[in-house]
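Residue-level structure breakdown
For reference, the chains in residue letters:
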Amino acid sequence: MAAIGFSQGGLNYCGGLGLHFFPYLDSGAHTQDYFLAMMHAILHSMQSLGAIASSLLENGMYAVMLRVAVGLMLSTAMAMRGVLKKSLSSSGALAAIAVGTVHMACGVRFGATLVAFYLSSSKLTKYQSDAKRRLEHDFKQGGQRNYVQVLANSVWACVVAALWLGLATDTHTLSSANNFESTMLLSAFLGHYSCCCGDTWASEVGVASWHQPRLVSTLKLVPAGTNGGVTLLGTAASVLGGAFTGASFFLFSAASPMGLSALLAPNQWRLIPLGCVAGLIGSVLDSLLGAFFQFSGYCTVRRKVVAFEGPTVRHISGAAVLTNEAVNLLSSFITSTVTALIAVLVF
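Here the structure is a predicted model, which means the values were calculated and not measured.

Along the protein, the regular secondary structure elements total 13 helices and five strands. Classification of the 347 residues of the protein by burial places 46% in the buried group. Sequence-distant contacts, at least 24 apart, represent 71% of the contacts inside the protein between residues at least 6 apart. Total accessible area on the protein stands at roughly 17400 Å², and carbon and sulfur atoms take up 69% of it.

A contiguous nonpolar patch, built from L280, V284, L288, F292, F293 and V321 and spanning about 490 Å² of accessible area, is present on the exposed surface. Residue classification places V321 among the exposed positions, given a relative accessible area of 54%.

For the rest of this paragraph, the subject is the environment of V327. Within the secondary structure layout, V327 lies in helix α13 (residues 324–346). Here the alpha-carbon distance between V327 and L285, two residues 42 residues apart in the chain, equals 9.1 Å. When near neighbours in sequence (up to four residues on either side) are disregarded, V327 contacts D286, L289, Q294 and L322.

For the structure on display, the rule yields zero disulfides. Not part of a disulfide, C158 finds its nearest cysteine sulfur in C106, a span of 7.5 Å. Free cysteine C195: the closest other cysteine sulfur is in C196, separated by 5.2 Å. C195 gets classed as buried once you look at its relative accessible area, which sits at 1%.

A word on the environment of L151. Counting through the fold element by element, L151 comes out in helix α7 (residues 147–152). Along the sequence, L151 and N328 sit 177 residues apart, while their C-alpha atoms lie 10.0 Å from each other. Setting aside chain neighbours within four positions, we find L151 in contact with A95 and V99.

Within the secondary structure, M73 is located in helix α3 (residues 60–84). A relative accessible area of 57% places M73 in the exposed class. C-alpha of M73 to C-alpha of G100: the two residues are 27 residues apart in sequence and 9.5 Å apart in space.

This part is about the pairing of strand β3 (residues 296–299). Across four bridges, β3 lies against strand β5 (residues 313–317) in antiparallel orientation. Considered in β5, the bridge of C299 is made with V313. Linking β3 back to strand β4 (residues 304–306) in an antiparallel pair, the connection comprises four residues, with R303 at a positive phi of about 60°.

Membership of the largest hydrophobic core comes to 36 residues, with the highest contact counts inside it found for F110, F189, F249 and L271. Contributing elements (two or more residues each) for this core: α4 (90–106), α5 (108–125), α8 (155–167), α9 (180–206), α10 (232–251), α12 (271–293) and α13. It is α9 that contributes the most residues to this core, ten residues altogether. Aside from chain neighbours lying at most four places away, what touches F110 is H103, A161, W164, L186, F189 and F249.

Attention now goes to the sheet that holds β3. Taken together, three strands build an open sheet; the order of strands is β4-β3-β5 and the sheet is antiparallel. The open sheet is flanked by β4 and β5, the only strands paired with a single partner. On average, each strand axis in the sheet is inclined to that of its neighbour by 35°, with strand direction left out of account. Here β3 pairs with β4 via three bridges, running antiparallel.

Quick look at the packing of α9 against α13 now. Running from N to C, α9 and α13 point in directions that differ by 135°, and their axes come no closer than 7 Å. One finds that α9 runs oblique with respect to α13. Along this stretch, α9 crosses α13, giving a crossing that reads as right-handed. Of α13, the residues touching α9 (which contributes F180, T183, M184, S187, A188, F189, G191, H192, C195, C196 and D199) are N328, S331, S332, T335, S336, T339, A340, L341, A343 and V344. Of the residues contributing to the contact of α9 with α13, the split by class is ten nonpolar, ten polar and one charged.

Time to look at the packing of aromatic side chains. Overall, the coordinates contain eight aromatic pairs when judged by the stated rule. Taking the centre distance of 5.2 Å and the plane angle of 65° together, the rings of F189 and Y193 count as edge-to-face. Here the residue F189 and the residue Y193 both occupy positions in helix α9, the gap between them amounting to four residues, near one helical turn. Its relative accessible area of 0% is what places F189 among the buried residues. Every member of this aromatic cluster is reached through a ring pair, and the members are F110, F117, W164, F189, Y193 and F249. Over the aromatic face of F249 sits the side chain of R109, whose NZ or CZ is 4.0 Å from the ring centroid.

Thresholds, definitions, all that
Residues numbered from 1 in each chain as written. Predicted model: local features only at pLDDT ≥ 70, side-chain atom pairs only at ≥ 80, totals over all residues. Heavy atoms only, no water. Helix = DSSP H or I, 4+ residues; strand = E, 2+ residues; numbered from the N terminus. Buried < 20%, exposed > 50% of the residue type's maximum accessible area, 1.4 Å probe, protein only. Contact = heavy atoms within 4.5 Å. Areas by Shrake-Rupley, 256 points an atom, 1.4 Å probe, with all protein chains shown as cover. Patch = residues over 30% accessible without salt bridge, like charges linked within 9 Å, V, L, I, M, F, W, Y side chains within 5 Å. Salt bridge = Lys/Arg side-chain N within 4 Å of Asp/Glu carboxyl O. Disulfide = S-S within 2.5 Å. Pairing = 2+ DSSP bridges. Core = buried A, V, L, I, M, F, W, Y, C linked by side-chain atoms within 4.5 Å. Axes fitted to C-alpha atoms, helices over the stretch in contact; angles between N-to-C directions. Parallel < 35°, antiparallel > 145°, perpendicular 65-115°, else oblique. Left-handed = near helix turned anticlockwise from the far one by under 90°. Nonpolar A, V, L, I, M, F, W, Y, C, P; charged D, E, K, R; others polar. Phe/Tyr/Trp six-rings, centres within 6.5 Å; stacked < 30°, edge-to-face > 60°. Lys NZ or Arg CZ within 6 Å of the ring centre and 35° of its normal.

The quantities given are spatial measurements derived from coordinates; they are silent on function.
Below, the structure written as structure tokens:
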């Protein structure tokens, strides 16, 4: 693909230069005409070079290698920033570099969406940090996500992006009638990060709610920090997080070789409301799994909600079946699948 694109681009470049400039040399035109002809030829050649660059960036092994290099440099810089800002641990930084490189290698749109999720979540993690310190028994300044937490929120997206690269390359718009596989995979990717972003925003913003949370399974009032506890503010934040992801994925389609035509293609704006729905579904699903399969208890010594049993811990809800990372992985996978099925109906 890259070789074909380069050959066509090269022919356009040489042909454009000859067809638009050489006739003036043979016609005895004046110096002004030479100048205008040269400018026209240069502009035409720049368009051809742009087509060559686009082909190399998005097609074939050369494009993948180039995106791997860019992804490695960008993800390394952002991982170092994360360590300095204390949003990533050392192991989390290494995992982030690997994940970021894979995303960018599969496509600029995937890498940019990951960056949007990471930056927004890292910023919100520091929101109301004093309140979180009082409520969370395992509070860490800045979040300091380790490799398990990073992979739980990104490994399925890596799989989906890699499948898209292998099975549906060069199809950047969603249309189940014209490109069913690509539509399923692109929407699955959106669903994954809408779930992760919605759940993160709900957790980080919900702590600021003035109202005591209710357990999603019984609607009984529970202490703040209880797994499966929901508030109206947190639920609204999950919808906004999904909308943010949908808008990001929609806008970043312009980074594809189709450019603005991908952005303006029919029905692509529906990615934004689809992200809203996925964010809400993911957050509710995460809360349900937490309410039933994560232990929550109130420690009378620490005076905080904890995730372990003990003689000073009073059980609130859930059984100690899943870790928080397992809940994130499972909820994002299910939401990703559901979002892909919904996309078949709306695209």
